[in-house]
Amino acid sequence: MRTNSAIEAKQIRQAVRATALLFPLLGVTHLLFCVNPGGRWEPVYMLVNALLQSSQGLFVSILYCFLNAEVQAVLRRAYTRRRSSTALWRHRSSRALGVSLTTQLPPPVQVPEEETALT
């Protein structure tokens, strides 16, 4: 019973930490751009605001997905599995064709010098 409460406490701490990071990350654009300057700076304001608003998903995915050790481990396993299955497929297909990847080419045929002189 004690291990369940310890696991639950750890999950709560992780959720609080995630919330503490996401609130500023997602709210910064609203704080920075709460007042529209108007006038000649309005196009710049709109462009920067749109860029920051639309890039929030990228920031969150980088922080929570691609920098996460568990996600990196799963992606690494999938990559190595894919790479090994591709190598196995190449080996099997070459064997089916009767070609070995380790076969060497026969030595080049020596042409007598008399024949080469005629051409």
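Numbering of residues begins from 1 in every chain and follows the order in which that chain's sequence is written. Per-residue local features are limited, in this predicted model, to residues with pLDDT of at least 70; the limit for side-chain atom pairs, both in listing and counting, is 80 or more; totals at the level of whole chains, interfaces and linings are taken over all residues. Water and hydrogen atoms play no part in the side-chain values, which are based on all heavy atoms of the structure.

What about the overall build of the chain?
Next, step 1: Within the chain, the secondary structure is distributed over four helices and zero strands.
Next, step 2: The 119 residues of the chain split such that 7% are buried.
Next, step 3: Accessible areas in this description were obtained via Shrake-Rupley with a 1.4 Å probe; residue shielding takes into account the shown protein chains only. A total of about 10,900 Å² of accessible surface is found on the chain, and carbon and sulfur atoms cover 65% of it. Only DSSP runs of H or I reaching four residues or more are called helices, and only runs of E reaching two or more are called strands; each is numbered from the N terminus. Buried, partly exposed and exposed residues are distinguished by accessible area as a fraction of the type maximum, computed with a 1.4 Å probe on protein chains only: under 20%, between the cut-offs, and over 50%, respectively.

A few points about the UniProt feature "transmembrane region" (unreviewed entry) in the chain
Next, step 1: Residues annotated by UniProt as "transmembrane region" (unreviewed entry) correspond here to residues 20-38 and 58-75.
Next, step 2: Between the C-alpha atoms that bound residues 20-38 there is a distance of 33 Å. The span itself is 68% helix and 0% strand.
Next, step 3: Measuring from the first to the last C-alpha atom of residues 58-75 gives 18 Å, for a span that is 89% helix and 0% strand. UniProt positions are given in the numbering used here, feature names are shortened, and annotations may be inferred rather than shown by experiment.

Points about the side chain of Ser55
Next, step 1: Among the secondary structure elements, Ser55 is positioned in helix 2 (residues 42-66).
Next, step 2: Residue classification places Ser55 among the buried residues on the basis of a relative accessible area of 16%.
Next, step 3: A distance of 3.0 Å separates a polar atom in the side chain of Ser55 from the backbone oxygen of Leu51. Here a polar contact is taken to be a pair of N or O atoms separated by no more than 3.5 Å, where protein atoms must pair a possible hydrogen donor with a possible acceptor and residues adjacent in sequence count only if both atoms sit in side chains.

Thoughts on helix 2
Next, step 1: Given a helix with a known number of residues, its expected span is that number minus one, times 1.5 Å. Spanning 25 residues, helix 2 covers 35 Å between terminal C-alpha atoms, matching the ideal 36 Å at 1.5 Å per step.
Next, step 2: Note that bend, as reported per residue, equals the angle between axes fitted to the 7 residues terminating at that residue and the 7 residues originating from it. Most pronounced at Ser55, the bend in helix 2 amounts to some 35°.
Next, step 3: Listed in full, the buried residues belonging to helix 2 are Tyr45, Asn49, Ser55 and Gln56.

Concerning a nonpolar patch on the surface
Next, step 1: A cluster of nonpolar side chains, contributed by Leu21, Leu58, Phe59, Ile62, Leu63, Phe66, Leu67 and Leu75, occupies part of the molecular surface with about 740 Å² of accessible area.
Next, step 2: Per-element accounting of the nonpolar patch gives the leading share, five residues, to helix 2.
Next, step 3: Residue position: Leu21 is located in helix 1 (residues 2-32).
Next, step 4: On the basis of relative accessibility, which here comes to 41%, the residue Leu21 falls in the partly exposed class. Residues with no salt bridge and a relative accessible area higher than 30% make up the patches, which join like charges within 9 Å and nonpolar side chains (Val, Leu, Ile, Met, Phe, Trp, Tyr) within 5 Å. Between Lys or Arg on one side and Asp or Glu on the other, a salt bridge is scored when a side-chain nitrogen of the former is within 4 Å of a carboxyl oxygen of the latter.

A closer look at the confidence of the model for the chain
Next, step 1: Of all residues in the chain, 72% attain a pLDDT of 70 or more, and the chain-wide mean is 78.
Next, step 2: Ranking the helices and strands of the chain by mean pLDDT puts helix 2 first, with 87, and helix 4 (residues 113-118) last, with 59. The pLDDT score gives, residue by residue, the confidence of the prediction method on a 0 to 100 scale.

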